[in-house]
Amino acid sequence: MYKKTIFVLLLLCSFTLVKAQDIPVNYSLGENYNDRYKYSTVMSFSNDAKEQSIIVRKYYGGVLLKAKGHFIEVYDKDLNLVKDYNYKYSAMHMVDGFVRNGQLYLLELKYNYRKESYDYIIHQSPLDDFNFTERVLLSIPSKEVSNPLAVSKYNRSFNNGFSTAVHFNDAKNAFAITVQHRDGKKIMYDMHLFGTDLKKHITYDFTAAIQEKNYAFENIEIAPDFKTVYFSGKAYFKKRRFDAKERRFQYEVVRVTNTAHNIQEFNDAGKYPESLKPIRIGENIVVVGFYADRKDNRYNGLCYYKLNSSTLNILSKKYNAFSEQFMVDKFGREVDAEIKNLIFKSIYITPQNDLLFSAEEYFVTKGMDATSTGTRLEVERYHYNDIVCAKLNAEGTMVWARNINKAEVTQGDAAYASYTAYGKGDTMFFFINSGENPQKMSKSRILFKQGFSRNPNLFVIQVTPTGDLSYKKLVDDKDVRLPIMVSKPLINNKENTLLFYAKRGSKKQLVKVAVD
C-alpha cells in the first residue's frame, strides 16, 4: 500500500459539482471475503467465455517478504468467488498472465543454468481443473545478468549484456518480445510476435538497425492478420556528440514483418515529439503524442501523424499547441511553468473517428527512509502526477485539451495510484482515488485532497464532447472499507463495465462499475 500520498486536482470553474444522476455511472458490490495472503500484488486480471473473472496474484511471506507463489481466484458474473487455487511456484520474473479458450497462461522469464540461456516459459492450466504444465516458448543464449527484464519501458539500460521486454497490444490478443543480447562480442537484437494462442507469427533479426542507435520501445500496434507489428519509442544515438542540454534520442516508429523492417523518424526542425502511440485506423497508422519546441522536454502541445501502413511515409501531420485555457487549467496564473514527464496512458476512438487521448505525468525520484533499526536506506518513489486529456478530430486538429492536476507518490503497490480512463460514445470517464470530499478553494478552483484515510473514495470524472468536466463521488469509503486498485481494472467494452479489485490485509472485495 502506498503511503504519504497527496492527491490534488485543480480544475477550472467548469469542473462543477453535479448530482449523482447527472453522470451515468453506477456500481455494485461483491461479497467481502476473507483472504489468506496478507501481502500480495495483482499480476493479471482477465475474463473468459463463461463471463468469469480470473485474478492472478503474486503473494509473499517470511520475515523478508519473499515471493512464495501465485494465488488464482475465479469469480462468476455475479461477483461470487467460485473457486481459487494456490500455484506454489515462486518465479522471480513472472511477466504477465492471460486467458484463452478456457486455459490460463502465465508467462515467465527464467535463467536456465544448464543451457546458459534465458527462457520464456509458459505455465498453462485449464480453468475448470487446475493442473499446470510448463513449456519453453523462447530461448536466448546469454550469461546471467542482474536485471534482465526491462520492467520500465521508459528508463532502459543497454550495457548489462542482456535486456528484454514484453509488449501486449491493447486488445491483449498478442504480444511482442524484444531481446537485446550478446553473441560473443557482437550485440544482437531480436523481435518476436506471438498470438495468445502461442503461435509465433514473426521472428526478426533487428541487429543491423542498432549499430548506430539503442532502442527503448514504449508502445506497439499489431495488424489484424498478425503479419506486421509497429513499435514506437526512443532511439538513442550511440556515437553522436551532444551539448549538455541536447536530447540524446529521437522518437521513431519501426514497422516489422517476418522479412524486413522500415523506420519513420520524427525529426522536424524545432519539433521534438514525446510519448508517441501508434494506432491503426482503417488502412493507415495514426501516431499521437506530445511535442516540445525545445530539446529540454518541456512539452508545448500535441502532435499527430498519419502514416502509410506499408511504407510509413507521412501522409499528414499536425502540431497543436496547448491553449492559454489549458495552461490556466494546469498552473493557474503561474509564470514560466513547465509541462514535462508525460507518458501515454490511453486512447479511445469515438464513432466519428475522433481521438480522445490521455496521458500522465510520471517520474521516479530517490530518497532516504529510516528503518525500524535506525539505519537509513535509499528508496525509489514513484510519482503519478497530472492527467492530460485531449480531443483530436479525425484530421488530427485538437478540439480541446484539459488538465487534471494531481500529485500521488507511492513506494509500494502502484495499483492503488494513478487512474483508469474509459470512453463511451464521445464521452470520457476517469476513475481516481481520493480520501476527502472536494473543497472549494476559490471561484475557479476545486481541491481533492487525500487526507489521512486508509480507504480512499472512488471518484469518477466525466469529460463531455465539448471538454467540460464534472465529477461525483462514486464509491464512499464507508461502503467499501478497502482501498480500490483504481489503475488495474478488468474492462468489458461489450457490457460497458469495469471491475475493480479492493484489498487490504486479510480482506478482499470486487467493485463492479457500469457506464450507462
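Structure first, text after, so check above.
Model, not experiment: these values are computed from the prediction.

### Quick notes on the overall build of the chain
In step 1: The helix and strand tally for the chain stands at one helix and 37 strands.
In step 2: Counting over 516 residues, the chain shows a buried share of 56%.

### Details of the packing of aromatic side chains
In step 1: What the rule picks out here adds up to 35 aromatic pairs.
In step 2: Here the aromatic residues Y85, Y87, Y89, F130 and F132 are joined through ring pairs into a cluster of three or more.
In step 3: Positioned above the aromatic ring of F168, the side-chain terminus of K172 is 5.0 Å from the ring centre.
In step 4: Sitting over the face of the ring of Y419, K345 holds its NZ or CZ atom 5.0 Å from the ring centroid.

### Points about the pairing of strand β34 (residues 469–475)
In step 1: Counting buried residues along β34, six of its seven residues qualify, which places the element largely inside the surrounding structure.
In step 2: Note that strand β33 (residues 457–463) and β34 share six bridges and pair antiparallel. The partner of I461 across the bridge, within β34, is Y471.
In step 3: Between β33 and β34, which pair antiparallel in sequence order, lie five residues; one of them, G467, sits at a positive phi of approximately 90°.

### Observations concerning the side chain of T228
In step 1: For T228, the position within the fold is in the loop between β16 (213–222) and β17 (229–237).
In step 2: Of the residues examined, T228 reaches a relative accessible area of 9% and is grouped as buried.
In step 3: Residues within four places of T228 in sequence aside, it is in contact with I202, E221, I222, A223, R255, V256 and T257.

### Re the sheet that holds strand β5 (residues 53–61)
In step 1: Pairing is antiparallel across the open sheet formed by four strands, whose spatial order is β4-β5-β6-β7. In this open sheet, the two strands that pair with only one neighbour each are β4 (40–47) and β7 (81–87). Each adjacent strand pair in this sheet contributes to an overall mean axis angle of 20°, direction not counted.
In step 2: Pairing of strand β6 (residues 66–75) with β7 involves six bridges; the strand directions are antiparallel. If you follow F71 over to β7, its bridge partner there is N86.

### Some remarks on the nonpolar core
In step 1: In this structure, V288, F290, L302, F322, L355 and F357 are the most contacted members of the largest nonpolar core, which totals 22 residues.
In step 2: Sorting the residues of this core by element identifies β20 (272–281), β21 (284–292), β22 (299–308), β24 (342–349), β25 (355–370), β26 (376–392) and β27 (398–404) as the ones contributing at least two each.
In step 3: Aside from chain neighbours lying at most four places away, what touches L355 is I281, V286, V288, Y304, I347, Y348, I349, A390, K391 and L392.
In step 4: By size, the runner-up hydrophobic cluster in this structure holds 21 residues, among which are Y120, L137, L138 and I177.

### Structural notes on unusual backbone geometry
In step 1: Unusually for a residue other than glycine, E51 sits at a positive phi of about 65°.
In step 2: With respect to the helices and strands, E51 occurs in the loop between β4 and β5.

### As for the sheet that holds strand β12 (residues 162–168)
In step 1: The four strands are arranged β12-β13-β14-β15 in an open sheet whose pairing can be described as antiparallel. On the outer flanks of this sheet lie β12 and β15 (200–205), each paired with one strand and no other. Adjacent strand axes in the sheet meet at a mean angle of 15°, parallel and antiparallel pairs treated alike.

### Notes on the pattern of salt bridges
In step 1: Applying the stated criterion to the full structure yields 19 salt bridges.
In step 2: Here D84 ties to R36 by a salt bridge, and the two come within 3.7 Å at their closest N and O atoms. Of this pair, D84 sits in strand β7 while R36 sits in the loop between β3 (33–34) and β4, placing them 48 residues apart in sequence.
In step 3: Since its relative accessible area comes to 31%, D84 is described here as partly exposed.
In step 4: The residue D96 makes a salt bridge to K172 at a minimum N-O spacing of 3.1 Å. Taken together, the residues span a long stretch of sequence, with D96 in strand β8 (residues 94–100) and K172 in the loop between β12 and β13 (174–183) at a distance of 76 residues.

So, how was this worked out
Residues numbered from 1 in each chain as written. Predicted model: local features only at pLDDT ≥ 70, side-chain atom pairs only at ≥ 80, totals over all residues. Heavy atoms only, no water. Helix = DSSP H or I, 4+ residues; strand = E, 2+ residues; numbered from the N terminus. Buried < 20%, exposed > 50% of the residue type's maximum accessible area, 1.4 Å probe, protein only. Phe/Tyr/Trp six-rings, centres within 6.5 Å; stacked < 30°, edge-to-face > 60°. Lys NZ or Arg CZ within 6 Å of the ring centre and 35° of its normal. Pairing = 2+ DSSP bridges. Contact = heavy atoms within 4.5 Å. Axes fitted to C-alpha atoms, helices over the stretch in contact; angles between N-to-C directions. Core = buried A, V, L, I, M, F, W, Y, C linked by side-chain atoms within 4.5 Å. Salt bridge = Lys/Arg side-chain N within 4 Å of Asp/Glu carboxyl O.

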